[in-house]
Amino acid sequence: MDLYYHPISPPCWSVLLLSRELDLSFNLKQISFAPDCPLRETIVKLNPQHQVPTLADGEFGLAESRAILRYLLTAHSGSDDHPLYPKDPKARAVIESRLDFDLGMLYRRAYDYFSPQWNSKSVATEKDLEKVCEALGFLEEFLGRSRYAAGDRLTVADLTLVASVSFLDVCGFGLEKYPKIVAWYDVCKKEIKGYRELVGDRFEDFRNAVLKMKQ
């Protein structure tokens, strides 16, 4: 499978983390930020949104990180009842809920808060900050009910949420008001295969890229 990605993209982080958990390998095709990147024509054919990550499994193309996570677990995990994505209807429903929470609330709000500061060099609004804090408050509450984001064992929900929390962390957002998130984050960094290599070791590259955008 080909994975069109960028190594400092949080949505790509979650897909790369899952690949380690499932012992999958990709032909990694890095997309640059430059508008004349030669791979852009290829990725547009697979994904009209021309965003990363985009997966190509033979002639089949798929965009959106959480859809890719679901596809890989369904088609390439070797089980229809994988511990990261159990088939029990209630357990899976909670996982799906957390994936949607990340897509529509946590990552969305974090991105909306930080991206204008890089792209237009504007100042973040208090309203946007409040939205991020509200989303973190919900995650804190979820983690008050179970050891992991969607239950008492690691699931794919943790992989995508840890990518979003890592995004907040690398951007310098303080998490000290959320002790359950901090504790869970520490556990995930230790337990998720490849976290340091694929995510933690990319923090400096991420910060350097942001500095360039701000210039």
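Conventions and cut-offs
Numbers given for residues are sequential positions, taken from 1 along each chain in its written order. Given that the model is predicted, a residue must reach a pLDDT of at least 70 before its local features are reported, and side-chain atom pairs must reach 80 or more before they are shown or counted; all residues, however, enter totals for whole chains, interfaces and linings. The side-chain numbers reported here are obtained from all heavy atoms of the structure, hydrogens and water having been left aside. Working definition: helices are DSSP H or I runs of at least four residues, strands are E runs of at least two. Numbering for both runs from the N terminus. Expected helix span is taken as 1.5 Å per residue step, with the number of steps being one fewer than the number of residues. Each residue's exposure class comes from its accessible area (1.4 Å probe, protein chains only) as a fraction of the maximum for that residue type: buried when under 20%, exposed when over 50%, partly exposed otherwise. This arc describes the spread of directions from the helix axis toward the C-beta atoms. What makes two strands pair is DSSP finding at least two bridges between them. To define axes, lines are fitted to C-alpha atoms, for helices over the stretch in contact only, and angles between the resulting N-to-C directions are given on a 0 to 180 degree scale. By the convention used here, residues are in contact when the closest approach between their heavy atoms is within 4.5 Å. The term salt bridge refers to a pairing of a side-chain nitrogen on Lys or Arg with a carboxyl oxygen on Asp or Glu at a separation within 4 Å. Any two of the Phe, Tyr and Trp rings considered here, Trp counted by its six-membered ring, make a pair once their centres fall within 6.5 Å; the pair's planes then place it as stacked at under 30 degrees, edge-to-face at over 60, or tilted in between.

(A) Just helix H5 (residues 126-143), in detail. With 18 residues, H5 extends 26 Å from end C-alpha to end C-alpha; this agrees with the ideal 26 Å at 1.5 Å per step. When we look at burial in H5, the residues that qualify are Val 132, Ala 135, Leu 136, Leu 139, Glu 140, Phe 142 and Leu 143. An end-on view of H5 places all buried positions within 160 degrees of arc, on one side of the element. Every exposed residue of H5 that faces more than 90 degrees away from the buried side is listed here: Glu 126 and Lys 127.

(B) Highlighting the sheet that holds strand S4 (residues 60-63). The strand order across the open sheet formed by four strands is S2-S1-S3-S4, and the pairing between neighbours is mixed. A single partner strand is all that each edge strand has here, and the edge strands are strand S2 (27-30) and S4. This sheet shows a mean twist of 20 degrees between the axes of neighbouring strands, independent of strand direction. Pairing between strand S1 (residues 2-5) and S2: four bridges, direction parallel. Bridging across to S2, Leu 3 finds its partner in Leu 28. Docked against the sheet, helix H3 (residues 65-76) engages strand S3 (54-57) and S4, running at close to 135 degrees with respect to S4.

(C) Spotlight on the pattern of salt bridges. Within this structure, the stated rule accounts for eleven salt bridges. Between Glu 197 and Arg 20 there is a salt bridge, with its nearest N and O atoms 3.0 Å apart. Placement of the pair is Glu 197 in helix H8 (residues 195-198) and Arg 20 in helix H1 (residues 10-22), with a sequence separation of 177 residues. Looking at Arg 20, the relative accessible area reads 33%, which means it is partly exposed. Residues joined by salt bridges that share partners form a network here, namely Arg 70, Glu 96 and Asp 100.

(D) Spotlight on the packing of aromatic side chains. Enumeration according to the criterion identifies eleven aromatic pairs in this entry. For the ring pair Trp 13 and Phe 206, a centre distance of 6.3 Å and an interplane angle of 50 degrees mean the geometry is tilted. Of this pair, Trp 13 sits in helix H1 while Phe 206 is found in helix H9 (residues 203-214), placing the two residues 193 residues apart along the sequence. Under the relative-accessibility criterion, Phe 206 is labelled buried at 5%. Ring centres of Tyr 107 and Phe 167 lie 5.4 Å apart, and the angle between their planes is 55 degrees; on these two criteria the pair is classed as tilted. In this pair, Tyr 107 is assigned in helix H4 (residues 89-119) and Phe 167 in helix H6 (residues 156-170), connecting sequence segments 60 residues apart. When sorted by exposure, Tyr 107 lands in the same class as Phe 167, which is buried. Pairwise contacts between aromatic rings join Trp 13, Tyr 107, Tyr 111, Tyr 113, Phe 114, Phe 167, Phe 173, Phe 203 and Phe 206 into one cluster.

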